[in-house]
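Each chain, written out:
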Amino acid sequence: QEESLANSKRVRRSNQMRMETGTFTFLNAPFGFRIEDDTLIPIPEEAEVVRQIFRYYLQGMGFGKIAQELNGQDVPGKPWGKERIKYILSNEKYIGDTLHQKTYTPEELPFRNRRNRGEVDQYYVSNSHEAVLDKDTFAAVQEMLKKNLEKEALCVLENITFKMLMLFQQVV
């Protein structure tokens, strides 16, 4: 077990050093790309679907409606679902950048991948590969996602407040 921990620590440090220098290679490609010579290469037919997803969202379509629309079309990537649409809309790889260590593996057992919420450093590499989307479109979608998330949170808060008020009225 100690040997396993030592090997894991060496691999983790090696990966971290390559992330710091921008030479870390991709382990898997998101929809719209393939890996060739350690870099992401756009797949034209899939990249067009990605751009369509961004256009649909900017037109006001929600995740579910976009998935439903794509599932009804003759496009690659089926089946489409809300979470997959949300992931594509928030993935910086589509503008040619890469954020390393969105997830991480802790140093203690069990070695299960976890979402990085600030536990380990992240490394942002600009222009790490060819983009399939312009930065302005991506930024506009990020702003819409943020506003919609804030609206959603406000609705949840208002709903909780209303329920607490109703409970208080029943007690009094």
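Computed from a prediction, not measured in an experiment: that's the story for all the values here.

A. The nonpolar core, seen in detail. Ile53, Leu70 and Trp80 are the most contacted members of the largest nonpolar core, which has 26 residues in total. Mapped by element, the contributors of at least two residues to this core are α2 (44-58), α3 (63-71), α4 (82-90) and α5 (135-171). With 7 residues, the single largest contributor to this core is α2. Leaving out residues up to four positions away in the same chain, leucine 70 has contacts with Val49, Ile53, Tyr56, Val75, Lys78, Trp80 and Ile85.

B. How the structure looks around the pairing of strand β1 (residues 33-36). Pairing between β1 and strand β2 (residues 39-42): 4 bridges, direction antiparallel. By the bridge assignment for β2, isoleucine 35 is matched with leucine 40. Connecting β1 to the next strand, β2, in antiparallel fashion are 2 residues, including aspartate 37 with a positive phi near 50 degrees.

C. Layout of the packing of α2 against α3. Contact geometry for α2 and α3: axes closest at 10 Å, N-to-C directions at 135 degrees. On the basis of the axis angle, α2 is oblique to α3. In this structure, the crossing between α2 and α3 has a hand that is right-handed. Listed contacts from α3 to Val49, Ile53, Tyr56 and Tyr57 of α2 are Phe63, Ile66, Glu69 and Leu70. Here the contact of α2 with α3 is composed, by residue class, of 7 nonpolar, no polar and 1 charged.

So, how was this worked out
- Residues numbered from 1 in each chain as written.
- Predicted model: local features only at pLDDT ≥ 70, side-chain atom pairs only at ≥ 80, totals over all residues.
- Heavy atoms only, no water.
- Core = buried A, V, L, I, M, F, W, Y, C linked by side-chain atoms within 4.5 Å.
- Buried < 20%, exposed > 50% of the residue type's maximum accessible area, 1.4 Å probe, protein only.
- Helix = DSSP H or I, 4+ residues; strand = E, 2+ residues; numbered from the N terminus.
- Contact = heavy atoms within 4.5 Å.
- Pairing = 2+ DSSP bridges.
- Axes fitted to C-alpha atoms, helices over the stretch in contact; angles between N-to-C directions.
- Parallel < 35°, antiparallel > 145°, perpendicular 65-115°, else oblique.
- Left-handed = near helix turned anticlockwise from the far one by under 90°.
- Nonpolar A, V, L, I, M, F, W, Y, C, P; charged D, E, K, R; others polar.

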